[in-house]
Amino acid sequence: MSLKVERVQGDRGVESFYLWNVVQGLAVTVRHAVTNLRAPRAVQTTNYPEEKKVMPPGYRGKHRLVPRPDGSPKCTACMMCATVCPARCINIEAGEHPDPTIEKFPVQFDIDLLKCVFCGYCVEACPVDAIRMDSGVYTFAEFNRSDFVAHKEQLLATLSQWAEPR
Ligand code: SF4
Ligand code: SF4
């Protein structure tokens, strides 16, 4: 009886070191290492930032304001995007447009990218397709919090200017 108890305690002692799990983990590591050495081109790792992943169509990146042919924002400052935004990170100041056929335009249009949750509601809510998230910029790095606030001029930058992620 006492021998059986000692044996059980001995088995638990070995288990408590998780030796079998360690061996299993090492086997997985070695298997991947050998596979990668045999076929380095099949490695899934991206050498960022030298290499950049190609994002699928529809992936939401940094916002951009769609310009009119004269370069001014297509936005009519209707506030729909700011109203629907769950993060309350869009700040718009509306002004009277000099063209009588256009009611209003954004004197100021800021998006705080640190608050934004990239839900895309602003894009969906816009009645005139004036804001999009197809800029192709997915990586953000700044030194100051204030630099994460994208202003109208930045948001109006053309797609070609946006094309190269920082
Ligand atoms: S993507 Fe969402 S959280 Fe970001 S600005 Fe648009 S509505 Fe607001
Ligand atoms: S919903 Fe569109 S038109 Fe209205 S304020 Fe936003 S970007 Fe401008």
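Data block above holds the structure.
Model, not experiment: these values are computed from the prediction.

Thresholds, definitions, all that
- Residues numbered from 1 in each chain as written.
- Chains lettered and ligands numbered in written order.
- Predicted model: local features only at pLDDT ≥ 70, side-chain atom pairs only at ≥ 80, totals over all residues.
- Helix = DSSP H or I, 4+ residues; strand = E, 2+ residues; numbered from the N terminus.
- Buried ≥ 20, exposed ≤ 12 C-beta atoms within 10 Å, placed from the backbone.
- Contact = placed C-beta atoms within 7 Å.
- Core = buried A, V, L, I, M, F, W, Y, C linked by C-beta atoms within 7 Å.
- Pairing = 2+ DSSP bridges.
- Near = placed C-beta within 6 Å.
- Nonpolar A, V, L, I, M, F, W, Y, C, P; charged D, E, K, R; others polar.

### Quick notes on the overall build of the protein chain
Inference 1: For the protein chain, the helix and strand inventory stands at 6 helices and 5 strands.
Inference 2: Seen in sequence order, the protein chain has helices and strands lined up from the N terminus as α-α-β-α-β-β-α-β-β-α-α.
Inference 3: Within the span of the protein chain, comprising 166 residues, buried residues form 13% of the whole.
Inference 4: For the protein chain, contacts bridging at least 24 residues in sequence account for 72% of all contacts bridging at least 6.

### A few points about the nonpolar core
Inference 1: Counting residues in hydrophobic clusters, the biggest one holds 17 residues, and the most contacted among them are Leu65, Cys75, Cys81, Cys126 and Ile131.
Inference 2: Where this core is concerned, the elements lending two or more residues are α3 (80–84), β2 (90–96) and β3 (104–112).

### A look at the sheet that holds β2
Inference 1: Strand order in the open sheet formed by 3 strands is β2-β3-β5, with antiparallel pairing between adjacent strands. Each edge of the sheet is formed by a strand with only one pairing partner; in this case those strands are β2 and β5 (149–150).
Inference 2: For β2 and β3, the ladder comprises 7 bridges, and the chain directions are antiparallel. Within β3, the residue paired with Asn91 across the bridge is Asp110.

### Considering the environment of Gly71
Inference 1: Relative to the helices and strands, Gly71 is located in the loop between β1 (64–65) and α3.
Inference 2: Sequence-wise, Gly71 and Ala157 are 86 residues apart; in three dimensions their C-alpha atoms are separated by 9.4 Å.

### Some details on the site of ligand 2
Inference 1: Taken together, the neighbourhood of ligand 2 is formed by 13 residues, with Cys75, Cys78, Met80, Cys81 and Cys126 sitting nearest.
Inference 2: Classifying every residue of the shell around ligand 2 gives 12 nonpolar, 1 polar and no charged.

### A look at the site of ligand 1
Inference 1: The full set close to ligand 1 counts 13 residues, and Cys85, Cys116, Cys119, Tyr121 and Cys122 are the nearest of them.
Inference 2: Residues of the shell around ligand 1, tallied by class, amount to 12 nonpolar, 1 polar and no charged.

### Re the pairing of β3
Inference 1: The pairing of β3 with β5 spans 2 bridges and is classified as antiparallel. Within β5, the position partnered with Asp112 by the bridge is Val149.

Any functional reading would require information beyond the geometric quantities listed.
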